[in-house]
Amino acid sequence: MKKILLTSALVLSTMSFAQIDFSSTRFGITAGGNYSRVKNAHNPSGPRMTFQGGVLALIPIGKENMFFLQPEVVYYGAGETGKDKDAKGMDGYDAVYANDYISVPINFKGYFSEAESEFFGMVGPRFNFLISQNAKNVSGSRPYYDPDTPIKDPSTGTEISGKANSFNFGIGLGIGYSYKRQLEITLGYDFGLSNTYPKLIESFTKSADTEKSKSEQVLSVKLSYIFE
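Keep in mind that this is a model prediction, so the values were computed, not measured. (Residues numbered from 1 in each chain as written. Predicted model: local features only at pLDDT ≥ 70, side-chain atom pairs only at ≥ 80, totals over all residues. Heavy atoms only, no water.)

Draft legend 1. Representation of the sheet that holds strand E10 (residues 215-226). Spatially, eight strands are ordered E1-E2-E3-E4-E5-E8-E9-E10 in a closed barrel, and the strand pairing comes out antiparallel. On average, each strand axis in the sheet is inclined to that of its neighbour by 25°, with strand direction left out of account. Pairing of strand E3 (residues 67-81) with strand E4 (residues 96-111) involves 13 bridges; the strand directions are antiparallel. Bridge pairing in E4 links Ala 78 to Asn 99. (Pairing = 2+ DSSP bridges. Helix = DSSP H or I, 4+ residues; strand = E, 2+ residues; numbered from the N terminus. Axes fitted to C-alpha atoms, helices over the stretch in contact; angles between N-to-C directions.)

Set out below in structure tokens:
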């Protein structure tokens, strides 16, 4: 929670003190592919390939035509599978743990110069709101990986469940290239700071990894078109 408040305060401070020109806001559409994983969650653990798509706004900061605030609202696929390359044939290899969100990243965006066609960098918080969770082919030895099958540790009474958090928070980084400030390609990396599966604790085994926070991480490539 402290991280959320700190980052939100930073964004609000930037908006308060910078010369933001909302009247010159441009809008656009964006879509791309996601390569996602979740750290310290399932075993075996492999990537999920999915996609994202939605709308964006490009809001100028200052008069240099270099700095912008870029909020987005997108459908955002994440989660993971069991397809670890070293686990072929193992129980759980065919599992899919699909988490789908409405995602709201708010990025500070800076072009490297005022040229029409130029590279740029982006950084900012991402707020993910879970809209669906679907687990398939869950490992038979770990039924609690299924979000609809919580169990209790008989020794402690602790509920163990693969239910994903309804809200996730992370930090995103990106670098890309803009063609005439309209068609843009971006390589992004989003690192989850909140616990994706807060009740997924294998207290039977007391494994060090299973006691750690489950961080959802996404590498993406997307194309955006910004209207005049």
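The rest of the description comes next.
Draft legend 2. Layout of empty space enclosed by the protein. Following the criterion strictly, the structure yields two cavities of 30 Å³ or more and no others. In terms of lining residues, the largest cavity is bounded by 17 residues, among which Asn 107, Arg 126, Leu 173, Gly 188 and Lys 222 are the most central. Of all the secondary-structure elements, those providing two or more residues to the lining of the largest cavity are E4, strand E5 (118-136), strand E8 (167-179), strand E9 (183-192) and E10. No other element matches the five residues that E9 contributes to the lining of the largest cavity. Classifying every residue of the lining of the largest cavity by side-chain character gives six nonpolar, eight polar and three charged. (1 Å grid on protein atoms, 1.4 Å probe; cavity = no way out; pocket = protein on both sides within 12 Å on 5 of 7 lines; lining within 4 Å. Points joined across faces, edges and corners; volume = space filled by probe spheres on them. Nonpolar A, V, L, I, M, F, W, Y, C, P; charged D, E, K, R; others polar.)

Draft legend 3. Looking closely at unusual backbone geometry. Looking along the chain, the bond that leaves Asn 43 and enters Pro 44 is cis, with omega of 5°. Structurally, the position occupied by Pro 44 is in the loop between strand E1 (26-39) and strand E2 (48-61). The phi angle at Asn 40 is positive, at roughly 65°, despite the residue not being glycine. Among the structural elements, Asn 40 can be located in the loop between E1 and E2. At Lys 180, a residue that is not glycine, the phi angle is positive and equals roughly 55°. Here Lys 180 is to be found in the loop between E8 and E9. Given a relative accessible area of 43%, Lys 180 falls into the partly exposed group. (Buried < 20%, exposed > 50% of the residue type's maximum accessible area, 1.4 Å probe, protein only.)

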